[in-house]
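# Summary of structural features
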Amino acid sequence: MTVKERYLESKKVFEELGIDVDKAIEKLERVPVSLHCWQGDDVTGFDQDGPLTGGIQTTGNYPGKARTPEELMQDMEKAMSLCPGKKKLNLHASYAVFENGEFVDRDKIEPKHFKKWAEFARKHNMGVDFNPTFFSHPMAKEGLTLSSPDPEVRKFWINHGKACIRISEFFAKETGIPCVMNIWIGDGYKDVPADRMGPRIRYKESIEEILKEPFDPELVKVTVESKVFGIGVESYTAGSAEFTLMFAATHKGCLPLMDNGHYHPTEVVSDKIPALLVYFPEIALHITRGVRWDSDHVVILDDETKEIAKEIVRCDALDRVYIALDFFDASINRISAWAVGLRSLEKALLMAMLTPWSKLKTLQDENRFTELMSTNEAMKMLPFGDIWNYYCEKNGVAADLELFGEVDKYEKEVLLKRGN
Ligand code: RNT
Ligand code: ZN
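Note that the structure is a prediction, hence the values are computed from the model and not measured. (Residues numbered from 1 in each chain as written. Chains lettered and ligands numbered in written order. Predicted model: local features only at pLDDT ≥ 70, side-chain atom pairs only at ≥ 80, totals over all residues. Heavy atoms only, no water.)

For helix α10 (residues 334-353), spanning 20 residues, the distance from its first C-alpha to its last is 29 Å, which sits close to the expected 28 Å at 1.5 Å a residue. The element α10 is largely enclosed, with a buried count of 19 among its 20 residues. One side-chain oxygen at the N-terminal end of α10 lies 2.8 Å from the backbone nitrogen of I335; it belongs to N333. (Helix = DSSP H or I, 4+ residues; strand = E, 2+ residues; numbered from the N terminus. Expected span 1.5 Å × (residues − 1). Buried < 20%, exposed > 50% of the residue type's maximum accessible area, 1.4 Å probe, protein only. Polar contact = N/O pair within 3.5 Å; in protein donor to acceptor, adjacent residues only side chain to side chain.)

So this is what it looks like as structure tokens:
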């Protein structure tokens, strides 16, 4: 049987449950997922030679990492060609492209330093999301940026934030698609602090300063990402969950961003999505996989990824949730990391779209929990794979079992020739 024939057979199973499979596929094709550039070079960037700081860490030394904008774009292009669905580009400010020997520090970057990325985005018909880079820089003094007690340090980073707002608006105008600008700082303390409120007051005031930069809230969506701890800041972070949530709730046009690696290990973001959607018109997500901690492993089709996708879909919130990936694994082929991560999320979304939520909700509301459990378990064995394979074929991308071969070929033809 061909992929198409299998699809037509399996489709009937879902249709019996009242699901319009063709419509689900069409819908999925339009959901943008933001692909993070930083998986391609282990969060190194192009504007500095120092180590990765901010309490995040990549481990591994897999050969062939991208060293230049050209290499990174080439690798992202390859990764995107291996994934079905609509993409967006997620960029960090540290990926500024300086030409002809020019260099400016982060507080002085301009849209022109991102012209190459705007061209890249336009070439691929995608929007751009943007992140000020508050780490891996000498001005992150003692690991502190927007919450630093040193006004000079704060000023530098406030100016960086303002520059990033201008760049985000530039991207939105260049692509015609709103730009999500995410503020995340690694500020915090290794050991028990004497003052937990002071840094938060300074962080609040610093973001407020950044937001004084004029921008069109329809074009730039400012998000604030929380985090419970980082490497070297185990005892305290300024941007805790309550802090960022309250900031977003009390500042017009600001959205909360939840990264599912940034909570206590038994907390789940899937349950937080519907809670926030009750109050916020829009929210943002970083989808990652924490293994015991915020380890930023590649996203796979695990239970929490499926639950997150389910919540977005059954809350009918695909147009209210900005979805981005955020992981960085340097121990395996980086193209495969991107492709497996993005494809896994696409699979989770597809499975969520092929589930008869209104029927299941009725079972819940009518207190028919015996039937709900047995139906839920039955759903797990439905032939999702046949639908997925057809979705890949329709989008002209590799089937699951062809993926490794494609990546391996690229590794031999391109990555290994880099000699790094
Ligand atoms: C760090 C945050 C943040 C970063 C990126 C590189 O823990 O998740 O989103 O991963 O900005
Ligand atoms: Zn994140």
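And the narrative resumes.
Taken together, W38, I56, H92, W184, E225, K227, D259, H262, H286, D294, D326 and F328 are the residues near ligand 1. Separating an oxygen atom of ligand 1 from a side-chain N or O atom of K227 is a distance of 2.7 Å. One nitrogen or oxygen atom from the side chain of D259 is found 3.0 Å from an oxygen atom belonging to ligand 1. In isolation ligand 1 has 300 Å² of accessible area, and contact with the protein removes 99% of it. With respect to the detected pockets, ligand 1 is housed in the largest cavity. Taken together, the residues that form the shell around ligand 1 break down as four nonpolar, three polar and five charged. (Near = heavy atom within 4 Å. Areas by Shrake-Rupley, 256 points an atom, 1.4 Å probe, with all protein chains shown as cover. 1 Å grid on protein atoms, 1.4 Å probe; cavity = no way out; pocket = protein on both sides within 12 Å on 5 of 7 lines; lining within 4 Å. Sits in = over half its atoms within 2 Å of the grid points. Nonpolar A, V, L, I, M, F, W, Y, C, P; charged D, E, K, R; others polar.)

Taken together, the protein donors to the zinc ion (ligand 2) comprise E225 (OE), D259 (OD), H286 (ND1) and D326 (OD), at separations of 2.1 to 2.2 Å. If you look at the zinc ion (ligand 2), its six donor atoms make angles of 71 to 171° with each other, and the shape they trace is octahedral. Along the chain, the residues that donate to the zinc ion (ligand 2) are spaced as E-x33-D-x26-H-x39-D. With E225 in strand β6 (residues 220-225) and H286 in strand β9 (residues 283-287), this pair connects stretches of sequence that are 61 residues apart. With a relative accessible area of 3%, H286 lands in the buried category. (Donors = N, O, S within 2.8 Å, 3.2 Å for Na, K, Ca; no water. Tetrahedral: all angles 85-135°; square planar, octahedral: opposite > 155°, others 65-115°.)

Attention now moves to the side chain of R106. As for its placement among the helices and strands, R106 is situated in the loop between β2 (86-92) and α4 (115-123). Its relative accessible area of 1% is what places R106 among the buried residues. Of the polar contacts made by the side chain of R106, one reaches the side chain of D47; its length is 2.7 Å. Excluding residues within four positions of it along the chain, R106 makes contact with D47, Q48, S94, T133, F135, S136, H137, F156, W157, H160 and A163. (Contact = heavy atoms within 4.5 Å.)

Evaluated as defined, the whole model comprises 34 salt bridges. Measuring nitrogen to oxygen at the nearest pair gives 2.5 Å for the salt bridge that ties E366 to R368. Among the residues examined, R368 registers a relative accessible area of 34% and is labelled partly exposed. Ionic contacts of the salt-bridge type, sharing partners, join the residues R67, E71, D75 and R418 into one network. (Salt bridge = Lys/Arg side-chain N within 4 Å of Asp/Glu carboxyl O.)

A separate point is unusual backbone geometry. Phi is positive for E142, close to 55°, though the residue is something other than glycine. Structurally, E142 can be placed in the loop between β3 (128-131) and α5 (151-175). Look at E142 and you get exposed, because its relative accessible area is 69%. For R292, which is not a glycine, the phi torsion comes out positive at approximately 70°. Of note, R292 is situated in the loop between β9 and α9 (303-314). A relative accessible area of 78% means that R292 is categorised as exposed.

Once that is clear, we can look at the nonpolar core. The biggest cluster of nonpolar side chains holds 126 residues, and the ones touching the most others in it are L91, I109, F114, W117 and F171. With 12 residues, α10 is the largest single contributor of residues to this core. If near-sequence neighbours (up to four positions away) are discounted, W117 is found in contact with F46, L72, M73, M76, L89, L91, Y95, V97 and F171. (Core = buried A, V, L, I, M, F, W, Y, C linked by side-chain atoms within 4.5 Å.)

Here we take up the packing of aromatic side chains. Tallied over the full model, the rule gives 16 aromatic pairs. Seen in terms of ring centroids, F114 and F171 are 6.0 Å apart; in terms of plane orientation they differ by 75°. Their pairing is edge-to-face. Pair noted here: F114 is in the loop between β2 and α4 and F171 is in helix α5, with a separation of 57 residues, a long-range link. Summarising the burial analysis for this pair, F114 and F171 share the class buried. Their ring planes at 10° and their centres at 4.9 Å tell us that Y203 and F243 sit as a pair that is stacked. With Y203 in helix α6 (residues 197-211) and F243 in helix α7 (residues 241-250), this pair connects stretches of sequence that are 40 residues apart. Across from the ring centre of W357, 4.6 Å away, lies the NZ or CZ of R314, which sits over that ring. (Phe/Tyr/Trp six-rings, centres within 6.5 Å; stacked < 30°, edge-to-face > 60°. Lys NZ or Arg CZ within 6 Å of the ring centre and 35° of its normal.)

Bear in mind that shape data such as this cannot, by itself, settle questions of function.
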